[in-house]
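Observations on chain architecture
Spelled out, the chains give:
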Amino acid sequence: MKTALIEAFPARRQIPMCEEERNPIVATQQAPAGLVADLLMTAERELAAFYIAVVRRYGPEEARRAAYDWIKEIETMDWPLDKTVLNWRHVSIVAADCVAARVIERPPNL
């Protein structure tokens, strides 16, 4: 049973968002835990709103790709060490640009 559980969940080093060398928020040891939690909570809300908008317009498959684009963009951001509010709309705009590039040739699911 323990072996199956270990195989079901990949090790932390295999998940790109958790890799310290690739994700600035994981690598930032100085950021207070409360700040990180607040930033991730607001990021989650923004991603959810973006995902829902794409699902409604283009369907779940394109929304999955769009969410991946959104997450890739967030991984490139520099995370603040103080209480600065991040501009999540910038991340959504970059991801929306990726969506537009993919769907420009085909009509939306209506």
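Since the structure is predicted, the reported quantities are computational estimates derived from the model, not experimental observations. (Residues numbered from 1 in each chain as written. Predicted model: local features only at pLDDT ≥ 70, side-chain atom pairs only at ≥ 80, totals over all residues. Heavy atoms only, no water.)

**Some points on the packing of helix 3 (residues 33-58) against helix 5 (residues 88-103)**
A packed helix pair is summarised by two numbers, namely the angle formed by the two axes and the spacing between the axes. It is the contact of helix 3 with helix 5, at a shortest axis distance of 10 Å, that shows an interaxial angle of 25 degrees. The angle between helix 3 and helix 5 falls in the class roughly parallel. Both helix 3 and helix 5 take part in a crossing whose hand is right-handed. Where helix 3 abuts helix 5, its residues Leu-39, Thr-42, Ala-43, Glu-46, Phe-50 and Tyr-58 lie against Trp-88, Arg-89, Ser-92, Ala-95, Ala-96, Val-99 and Val-103. Tallied by class, the residues present in the contact of helix 3 with helix 5 amount to nine nonpolar, two polar and two charged. (Axes fitted to C-alpha atoms, helices over the stretch in contact; angles between N-to-C directions. Helix = DSSP H or I, 4+ residues; strand = E, 2+ residues; numbered from the N terminus. Parallel < 35°, antiparallel > 145°, perpendicular 65-115°, else oblique. Left-handed = near helix turned anticlockwise from the far one by under 90°. Contact = heavy atoms within 4.5 Å. Nonpolar A, V, L, I, M, F, W, Y, C, P; charged D, E, K, R; others polar.)

**Observations concerning the packing of aromatic side chains**
Under the counting rule described, the total for this entry stands at one aromatic pair. The ring of Tyr-58 has Arg-57 lying over it, and the distance from NZ or CZ to the ring centre is 5.9 Å. (Phe/Tyr/Trp six-rings, centres within 6.5 Å; stacked < 30°, edge-to-face > 60°. Lys NZ or Arg CZ within 6 Å of the ring centre and 35° of its normal.)

**Some words on the pattern of salt bridges**
Counted according to the given criterion, the structure contains six salt bridges. Between Arg-102 and Asp-69 there is a salt bridge whose closest N-O contact spans 2.7 Å. Pair noted here: Arg-102 is in helix 5 and Asp-69 is in helix 4 (residues 60-75), with a separation of 33 residues, a long-range link. (Salt bridge = Lys/Arg side-chain N within 4 Å of Asp/Glu carboxyl O.)

**A short note on helix 5**
Side chains of residues three or four places apart in an α-helix project in the same direction, reflecting 3.6 residues per turn. Here helix 5 contains 16 residues, and its C-alpha end-to-end distance of 23 Å stays within 8% of the 22 Å for a straight helix at 1.5 Å per residue. All of the buried residues along helix 5 are Trp-88, Val-91, Ser-92, Ala-95, Val-99 and Val-103. Relative to the axis of helix 5, the buried residues are bounded by an arc of 100 degrees and lie together on one face. Opposite the buried face of helix 5, at more than 90 degrees from it, the exposed residues are Ile-93, Asp-97 and Ala-101. Those residues of helix 5 hidden inside the fold are in contact with helix 3 and helix 4. (Expected span 1.5 Å × (residues − 1). Buried < 20%, exposed > 50% of the residue type's maximum accessible area, 1.4 Å probe, protein only. Arc of directions from axis to C-beta.)

**Details of helix 3**
The first and last C-alpha atoms of helix 3 sit 36 Å apart over 26 residues, in line with the 38 Å expected at 1.5 Å per residue. Considered for burial, the residues of helix 3 that qualify are Leu-35, Val-36, Leu-39, Ala-43, Glu-46, Leu-47, Phe-50 and Val-54. Among the residues trailing helix 3, Gly-59 stands out with phi positive, at a value near 95 degrees.

**Description of the nonpolar core**
Residues Phe-50, Trp-70, Ile-74 and Trp-88 are the most contacted members of the largest nonpolar core, which totals 19 residues. For this core, the elements supplying multiple residues, two or more each, are helix 3, helix 4 and helix 5. With six residues, helix 3 is the largest single contributor of residues to this core. When near neighbours in sequence (up to four residues on either side) are disregarded, Ile-74 contacts Ala-43, Trp-79, Trp-88 and Val-91. (Core = buried A, V, L, I, M, F, W, Y, C linked by side-chain atoms within 4.5 Å.)

**Section: the confidence of the model for the chain**
Here the chain shows a mean pLDDT of 75. Residues at 70 or above account for 62%. Taken element by element, the predicted model of the chain shows its lowest mean pLDDT in helix 1 (residues 2-8) (42) and its highest in helix 4 (94). The model gives residues 1-19 a pLDDT under 50, and that stretch makes 13 contacts with residues more than four places away or in other chains. (pLDDT = per-residue confidence, 0-100.)

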